[in-house]
Amino acid sequence: MIKLGFGPSMLAMAVLLAGCGGGGSSGGASGGGATSVTPPPPPPVASACSLQNRQEFAASVLREWYLFPETLPASLSTSGFATVTAYIDALTATARSQRRDRFFTFVTSIAEENAFFATGASAGLGVRLSTDAVTRRVLISEAFEGAPALAAGIDRGTEILAIGTTAANLRTVSDIIAAEGAAGVSNALGPTTAGITRLIRITDAGGTRDVSVTKAAFDLVPVSARYGAQIVNDGAKRVGYLNLRTFISAADPQLRTAFDTFRTQGISEFVIDFRYNGGGLVSTAELLTNLLGRNRSSNDILSVTTFRPEKSSNNSTERFFQQSQSVAPVKIAFITTGSTASASELVINAVLPYLGTNVALIGANSFGKPVGQIAIDQAACDDRLRVIAFSTQNASGNGFYYDGLKALVPNSCQAADDVTRPLGDPLEASLARALDFLGGRTCTPIAASGQVSQSVGAGKLQLLTPMAPTTPQREVPGLF
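Just so it is clear, the model here is predicted, and its values are computed rather than measured.

**Topic: the overall build of the protein**
Logical step 1: Within the protein, the secondary structure is distributed over 12 helices and 22 strands.
Logical step 2: For the protein, the proportion of its 480 residues judged to be buried stands at 56%.
Logical step 3: Restricting the contact set of the protein to residue pairs at least 6 apart, pairs at least 24 apart contribute 73%.
Logical step 4: Surface accessibility of the protein: about 17600 Å² in total, with carbon and sulfur atoms responsible for 53%.

The following block contains the structure:
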């Protein structure tokens, strides 16, 4: 990530793509770099970081850069809004109702975001949580290496039965959801602050037990050493499997190492698992696409970035740039869900014009975010405004998939996210259907609604997101 220092009178603009309400700045030459822009006049208030100043700063940035300026209210008083976030949500309400900005424009912490995009810096239990509102259950979809939960024996498929601080005040998950909805689970687990301890009753293949877990700081590893990159055997065929959790700078060397192995081993068919990937750095998305582009020329278009007309001087065209580790795919199966968004969708969309019918979506339809944010900093207040400012298209001009990629991708296979099996297991439902596509075997296409049945419970598992997510929680859906 490019790290830039800005004084109180300077702003930073960085092109980015990230997921379901998330953001991520680009970095390096492949990501479009960063461009300084002239700040709007400061509002005439006493304190540079008063609530009114911060709100008016946000409004001025949106009026200058927002991709959908026609949707902004002609005027909107800051009075009556208790936070910057509430004011931004009111400004963007029309675009949100049109599904063009689903909470993608927001304010966050500069320091917190820089730390996450550089190293994956996070704090908490170190798991992704999924809830089933119908059966009132909570299950672990993924556990991260180096974090407290996995160290305590909590992994994918583990079910949380009760949460408390001591044995005396344990509350069952069923009771929590019945009383407060899924948000009650987030409340019961408490903030993502290192040092906070929770007593959790869990059940898994080893039985039911109570475990005490203390939240801690950890760096989220984007490609798991356990299953993130491997070669899977499907009969006599060898398939490259990559599970990328998030697009951050720390992923770059891991991706290069993985694809160097794939290339050395002569792998030409791939499963790219984006099922939980909400997006992140454009530079990392472009690197991954280039690693899939050994048979692309330097004239081939990877993506086109388009700003609103009066900002068209910022438009750009990114072309393929082969890496020493690049491979030449014959077929790719992308595992996706409703949590697959933005930078993940950019990668899929970018390869479509070149691989065509040799590409498939596996699992469920993607989220649908063909737009990206820039970052404008009010450094003195540790405020970074992420504002939707551009759209992206592929070489065929396709880039308006607000309802997900299913309509653009020629093949699909419906599949469950089978939390009863580890990620990367060839018998796990989504990976099994991906192998079916690559092997030419039949499958059931993703339904028009994009819905997917789940392997656990009578309802539908959904990744849990708190009402006020941290930067890591925005970028890593379900993170706690």
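Here the narrative resumes.
**Points about the nonpolar core**
Logical step 1: Grouped together as the largest cluster of nonpolar side chains are 37 residues, with contacts concentrated most on F259, F274, L288 and F334.
Logical step 2: Counting only elements with at least two residues in this core, the list comes to α8 (251–264), β14 (269–273), α9 (282–291), β17 (331–336), α10 (343–355) and β18 (359–363).
Logical step 3: Beyond its immediate sequence surroundings of up to four residues, F259 is in contact with L242, F270, L288, L291, L292, Q325 and V327.
Logical step 4: One finds V61, L91, A95 and F104 within the second-largest nonpolar core, a separate group that totals 29 residues.

**Description of the state of the cysteines**
Logical step 1: On inspection of all chains with the given rule, the structure shows two disulfides.
Logical step 2: The side chain of C49 participates in a disulfide bridge whose partner is C381; the two sulfur atoms lie 2.0 Å from each other. On the sign convention where negative is left-handed, the bridge of C49 and C381, at about -95° about the S-S bond, is left-handed. Linking C49 in the loop between β2 (34–37) and α1 (51–65) with C381 in the loop between β19 (371–378) and β20 (383–393), this pair joins segments that are 332 residues apart in sequence.
Logical step 3: On the basis of relative accessibility, which here comes to 32%, the residue C49 falls in the partly exposed class.
Logical step 4: With its sulfur 2.0 Å from that of its partner, C413 forms a disulfide with C443. On the sign convention where negative means left-handed, the S-S torsion of about -70° between C413 and C443 marks this disulfide as left-handed.

**Some remarks on the sheet that holds β14**
Logical step 1: One open sheet accounts for six strands, arranged β12-β13-β14-β17-β18-β21; its pairing is mixed. Sheet topology places β12 (229–234) and β21 (411–414) at the edges, where each strand pairs with a single neighbour. Going from strand to strand, the sheet's axes swing by 25° on average, the running direction of each strand aside.
Logical step 2: With four bridges connecting them, strand β13 (residues 237–243) and β14 associate as parallel partners. Paired with G240 across the strands is F270, a residue of β14.

**So, the environment of P329**
Logical step 1: Among the structural elements, P329 can be located in the loop between β16 (316–319) and β17.
Logical step 2: A sequence separation of 60 residues divides P329 from E269, and the C-alpha atoms of the two residues are 5.6 Å apart.
Logical step 3: Each residue touching P329, except ones within four places of it in the same chain, is listed here: S268, F270, L292, N295 and L355.

**Quick look at the pattern of salt bridges**
Logical step 1: The tally for this structure, following the rule as stated, stands at 27 salt bridges.
Logical step 2: One salt bridge connects D383 with R54, and the closest N-O pair in it is separated by 2.6 Å. One end of the pair, D383, is in strand β20; the other, R54, is in helix α1, with 329 residues separating them in the sequence.
Logical step 3: You can call D383 buried: its relative accessible area is 7%.
Logical step 4: Here R54 falls in the partly exposed class, since its relative accessible area comes to 23%.
Logical step 5: Among the charged side chains, a network of salt bridges with common partners joins R128, E142, E145, D155, R226 and R245.

Conventions used here
Residues numbered from 1 in each chain as written. Predicted model: local features only at pLDDT ≥ 70, side-chain atom pairs only at ≥ 80, totals over all residues. Heavy atoms only, no water. Helix = DSSP H or I, 4+ residues; strand = E, 2+ residues; numbered from the N terminus. Buried < 20%, exposed > 50% of the residue type's maximum accessible area, 1.4 Å probe, protein only. Contact = heavy atoms within 4.5 Å. Areas by Shrake-Rupley, 256 points an atom, 1.4 Å probe, with all protein chains shown as cover. Core = buried A, V, L, I, M, F, W, Y, C linked by side-chain atoms within 4.5 Å. Disulfide = S-S within 2.5 Å. Pairing = 2+ DSSP bridges. Axes fitted to C-alpha atoms, helices over the stretch in contact; angles between N-to-C directions. Salt bridge = Lys/Arg side-chain N within 4 Å of Asp/Glu carboxyl O.

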